[in-house]
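A closer look at the structure
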Amino acid sequence: MEAGHPSPDSSSEECTVLETLSGKGLACPIHTGKVTELYCSGCEACVCEECVSGEHADHPTTPLLAALETHRDGLQERLAAAQNRLPQISAALVSLKEILQQLTNQRALIEEDIHVSFEELHKTLDVRKSVLLMELEVTYGLKQKVLQAQMDTLLHGQRGIVDTCTQTEEALSGEASAASLQAERGLGERLGELASQGLPFQAEENDQLDLLMEADGLRRSIHNLGTIITTSAVASQSEASGVGLEQCIVGLPACVTITTRDKAGGPCRGGNAILSAEVCTPDGSVADGEIIDHKNGTYDFVYTVNKEGEFSLALRLYDQHIKGSPFRLRVTRSPDPEVSPPTTTATSLTATATTSTGSSEGAKRRGKSPGSGSKKKGSRRTGSALGTPRRRENPIEDDLIFRIGTKGRNKGEFTNLQGVSASSSGRILIADSNNQCVQIFSNEGEFKSRFGVRGRSPGQLQRPTGVAVHPNGDIIIADYDNKWVSIFSSDGKYKAKLGSGRLMGPKGVSVDQNGHVIVVDNKACTVFIFQPTGKLVTKFGSRGNGDKQFAGPHFAAVNNNNEIIVTDFHNHSVKVFTPEGELLLKFGSNGEGNGQFNAPTGVAVDVNGNIIVADWGNSRIQVFDGSGSFLSYINTSADPLYGPQGLALTSDGHVVVADSGNHCFKVYRYLQ
C-alpha cells in the first residue's frame, strides 16, 4: 500500500507510528484520523494539517515539537528563577530565628533583672516593678508579633515555591504532550508569580530589648532624701539698707534689702530664714508688701503705701527686730529733692513670701497637686502678705476628709489595694489585691466586713484588682491571675464566674445601665461586655496606640448616656466609647501639665457628667468636663498620694481613691 493512501483500518497503526515518532501529537478532535503535529500560537492550540488549511489558515503555526521545546525552555528558566529564591528565604529565616531567640532570651534576662533589682528596694517600689513587667510584656509582644508575622509570610512563600517547584519537576520528569501543556502553562504562570513576588527578606524588627535601671542613683537619692534646713542668722547682727528705709512715694513700690549675718557679723550665704515685715500707719493699719528670698542670705521687702504720712517699718528675724528696727518711714506725694528716688523691682508686685521650713509632709510628694502653692517641696502657704509665717502657723489644708489603712493583713489593713467601688447603700468596697480579699467599709470609714479565700478554684481569689456593685447588690470582682470575673452576693457568698477562657488579665470592672458587666482586660488590651449570665455581648479594642487600641488599659466607668470611659495606661489618655465600641472622645497626653497624664488609672463620673481621673505617675486626681476639658484638681497636698489606683464617688458625693503606694484608701471632699 502506498504511503499517503492508508486503508481505513490502518489509522490506529499510523497514529501509533506518529506518536512513537514524535511522542507529542494527539488525534485531532475535529478531523477524524488526523494527528495534531502543528501548534497554532494565536489560538494556543494543537492542530492538524487540515485545521491549518481550514479555520487556522491565516494563523501562525509552528511544528509541535518546536513549540514544546520553546515552552519547556521558558518553563525551565522560570523554575531556576524560583529556585534561586529558596536560599534567600532560608538565610532570612535563620536570621529571624536568631533575632527572635535573642529577643526571648533578653526578655527572660530582663525579667530576672527586674525582680532582682526590685527585691533590693523599698516596698513602695513594688508598684513600679509591676509596671515595668507590664511594659516589658507589651513591648515584647509588639516586637514578637512583627517578627512572627514576617516569619509566617516567608514560610508561606517558601511552601508555595516548594510545592509549585515539586509539581513542575514532576511535570518535567514526564514526557511533554499536548495533554500536559495546559497544566504546564499554569505551572509556568504560577512560578512566574512566585519568582517575582515581594518577600520581606530583611528583618522588620530588631532584638533590642534593654532595661535602664538606675538603681544606684536611686539608692543615693533615697539615702540623701530630706534635708534639715536652718541658718546661722541672728537678728542682732542682721541689717537693712536701701532708700525704702527712709522715703516712699505714694502708690509706687519701694524696696528694702535685708542682709542676714551670723553671731560674728559674717554674712550668711543661704536663704530660708524666717522673716516678717510690717508697715504700720499711725492708726495701726498695715500697708501691702512682699518678701523675696534670694537664697543667698539677702532678702528684699517690696512694699507700697497708698497715702502720705509717717509710718513705722518693723523688720523681724525669728520674731526679733533686726538692727535699727523699727524704722521711721516718711511717705510723700512727690520725691523729696534731697533724697534720691526709691529703687523698684519689676517683679516685686507678683513675688510671694517664701519659707523653706514648711511641712515635712509636703516633701513626701511624688507628683503635682494644686494647693501646694509652690513647685518647691516643703514650701508653705503664706499666712500674711507681709511676711513668711512661723513654722507652726497656717498648715496646708487640702480636701482630705480621712484615710483608712496601713500595710498588713488584718482587718482595715491592705497590701497593694487596687480597685474601689461605692454602693448606693453607703458602702465602700476595696479590692485588696495581695491579701486576696475584698474589704467593705461605711462611707464614714468604719470597717464592716471582708471576704475572700486565696486560691485558683471558682469562688476563690488569687489577685483581685477590680470591684463593682451590680444594681441587684451582687459584688463583681476582676481576678487578674485567675483570668476570670467572680460574682458574689452582697454578703460575700460565691455565685458564679464569667469570662473564663476568654480573659487574659482582667483589671477593672464596671456595670452599665443595662446591668451588663464591663471588663477591662489589661493584658489583652480589650474591653469585654458580658451579661451577668456570662454571655458575651460584645468586645472591642486591641494592643496598640491607635484611637480604638489600648496599651495596658486599667479601669472603666459609665456615664449617664451609657457611654464607657476607659483609662489607657501606657497611652497616657482617657477614651470614651459607645456601648458598641465606637470611639466618641479621646483626651490627654503624656506630661505633668493640666490635662496631661503619666499613666492614668482609676476613673469615675459624677451626676453632671464630669470625669474624675486618678493620675498614677503624677500622683494626683484631675477633674474634666464631659468633653475632656480640664477643670480642676482634687487637692491632695497635705497627705500626698503615692501611685493612686482605683477611684469612685461615694453615695454622699465624696471621692474615694485607693492610695496603693501608701497602703490605704482616702476620702476627699468633692464639690459637684
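Structure report, in brief. (Residues numbered from 1 in each chain as written. Predicted model: local features only at pLDDT ≥ 70, side-chain atom pairs only at ≥ 80, totals over all residues. Heavy atoms only, no water.)

1. Here we look at the pattern of salt bridges
Pairs can form between side chains of opposite charge once their charged atoms are near each other. Under the counting rule described, the total for this entry stands at 19 salt bridges. Lysine 493 serves as the salt-bridge partner of aspartate 491, at 4.0 Å between the closest nitrogen and oxygen. Accessibility classification places aspartate 491 together with lysine 493 in one group, the exposed group. The residue aspartate 547 makes a salt bridge to lysine 586 at a minimum N-O spacing of 3.7 Å. Of this pair, aspartate 547 sits in the loop between strand 25 (536-540) and strand 26 (553-558) while lysine 586 sits in strand 29 (residues 583-587), and the two are 39 residues apart along the sequence. Within the structure, one salt-bridge network assembled from shared partners comprises Arg403, Asp639, Asp659 and Lys666. (Salt bridge = Lys/Arg side-chain N within 4 Å of Asp/Glu carboxyl O. Buried < 20%, exposed > 50% of the residue type's maximum accessible area, 1.4 Å probe, protein only. Helix = DSSP H or I, 4+ residues; strand = E, 2+ residues; numbered from the N terminus.)

2. What to know about the packing of helix 3 (residues 64-83) against helix 6 (residues 178-196)
Direction vectors running N to C along helix 3 and helix 6 enclose 30°, while the axes themselves pass 9 Å from each other. Judged by the inter-axis angle, helix 3 sits roughly parallel to helix 6. Considering the relative orientation of helix 3 and helix 6, their crossing is left-handed. Contact with helix 3, carried on its side by Leu68, His71, Arg72, Leu75, Arg78, Leu79, Ala81 and Ala82, involves Leu181, Glu184, Arg185, Leu187, Gly188, Glu189, Leu191, Gly192 and Ala195 of helix 6 and no other residues of that element. (Axes fitted to C-alpha atoms, helices over the stretch in contact; angles between N-to-C directions. Parallel < 35°, antiparallel > 145°, perpendicular 65-115°, else oblique. Left-handed = near helix turned anticlockwise from the far one by under 90°. Contact = heavy atoms within 4.5 Å.)

3. A short note on unusual backbone geometry
The linkage connecting serine 325 with the following residue, proline 326, adopts the cis geometry, with an omega of 0°. You can see proline 326 is positioned in the loop between strand 11 (320-321) and strand 12 (327-332). Within the chain, asparagine 416 stands out as a residue other than glycine whose phi angle is a positive 65°. In this structure, asparagine 416 sits in the loop between strand 13 (400-404) and strand 14 (417-422). A positive phi angle is found at alanine 599, which is not glycine, with a value near 75°.

4. Brief notes about a positive patch on the surface
On the surface, Lys407, Arg409, Arg454, Arg456 and Lys483 cluster together to form a positively charged patch. Residue placement: arginine 409 occurs in the loop between strand 13 and strand 14. (Patch = residues over 30% accessible without salt bridge, like charges linked within 9 Å, V, L, I, M, F, W, Y side chains within 5 Å. Areas by Shrake-Rupley, 256 points an atom, 1.4 Å probe, with all protein chains shown as cover. Lys, Arg positive; Asp, Glu negative; His and termini not counted. Charge placed at Lys NZ, Arg CZ, Asp CG, Glu CD.)

5. Observations regarding the packing of aromatic side chains
Taken as a whole, this structure holds 16 aromatic pairs when the rule is applied. Aromatic side chains phenylalanine 414 and phenylalanine 665 sit 6.1 Å apart centroid to centroid with 70° between the ring planes, which places their arrangement in the edge-to-face category. Placement of phenylalanine 414 in the loop between strand 13 and strand 14 and of phenylalanine 665 in strand 36 (residues 664-668) is noted, with a sequence separation of 251 residues between them. Each member of the pair phenylalanine 414 and phenylalanine 665 is classed as buried. Between phenylalanine 488 and tyrosine 494, the aromatic rings sit 5.7 Å apart at their centres with planes inclined by 70°, giving edge-to-face as the arrangement. For tyrosine 494, a relative accessible area of 32% translates into the label partly exposed. Taken together, the ring pairs connect Phe587, Phe597, Phe624, Phe630 and Tyr633 into an aromatic cluster. Its guanidinium or amino end placed over the ring of tyrosine 480, arginine 463 lies 4.7 Å from that ring's centre, counting from NZ or CZ. The residue whose ring lies beneath lysine 497 is tryptophan 484, and the NZ or CZ to ring-centre distance is 4.0 Å. (Phe/Tyr/Trp six-rings, centres within 6.5 Å; stacked < 30°, edge-to-face > 60°. Lys NZ or Arg CZ within 6 Å of the ring centre and 35° of its normal.)

6. Notes on the state of the cysteines
Tallied over the full model, the rule gives zero disulfides. Free of any disulfide, cysteine 51 has its nearest cysteine sulfur in cysteine 48, 3.5 Å distant. The class for cysteine 51 is buried, based on a relative accessible area of 2%. (Disulfide = S-S within 2.5 Å.)

7. A few points about the sheet that holds strand 32 (residues 620-624)
Taken in spatial order, the four strands of this open sheet run 30-31-32-33, and their pairing is antiparallel. Because the sheet does not close on itself, it has two edges, and the strands there are strand 30 (600-605) and strand 33 (630-634). When strand polarity is set aside, the average angle formed by the axes of neighbouring strands in this sheet is 25°. Summarising the sheet, strand 30 and strand 31 (residues 611-615) pair through four bridges and their orientation is antiparallel. What sits directly across from proline 600, in strand 31, is aspartate 615. (Pairing = 2+ DSSP bridges.)

8. Digging into the pairing of strand 32
Buried residues dominate strand 32, accounting for five of its five residues. Burial of strand 32 is two-sided: the residues Arg620, Gln622 and Phe624 facing one way and the residues Ile621 and Val623 facing the other way are all buried. Sheet topology note: the strand 31/strand 32 ladder contains five bridges and is antiparallel. Residue isoleucine 611 lies in a different strand from strand 32, and its bridge partner there is phenylalanine 624. What sits between the antiparallel neighbours strand 31 and strand 32 is a turn of four residues, in which serine 619 has the positive phi angle 50°. Here strand 32 runs beside strand 33; their pairing, made up of four bridges, is antiparallel. Across the sheet, residue glutamine 622 finds its bridge partner in strand 33, namely tyrosine 633.

9. Some remarks on the nonpolar core
Core analysis: the biggest nonpolar cluster contains 27 residues, and Ala240, Ile258, Val279, Phe301, Tyr303, Leu313 and Leu315 have the highest contact counts within it. Looking at this core, the elements with two or more residues in it are strand 4 (234-241), strand 6 (254-261), strand 7 (275-280), strand 9 (298-304), strand 10 (309-317) and strand 12. For this core, the element with the most residues is strand 10, which contributes four residues. Residues Leu75, Tyr140, Ile161 and Leu199 belong to the second largest nonpolar core, which totals 23 residues. (Core = buried A, V, L, I, M, F, W, Y, C linked by side-chain atoms within 4.5 Å.)

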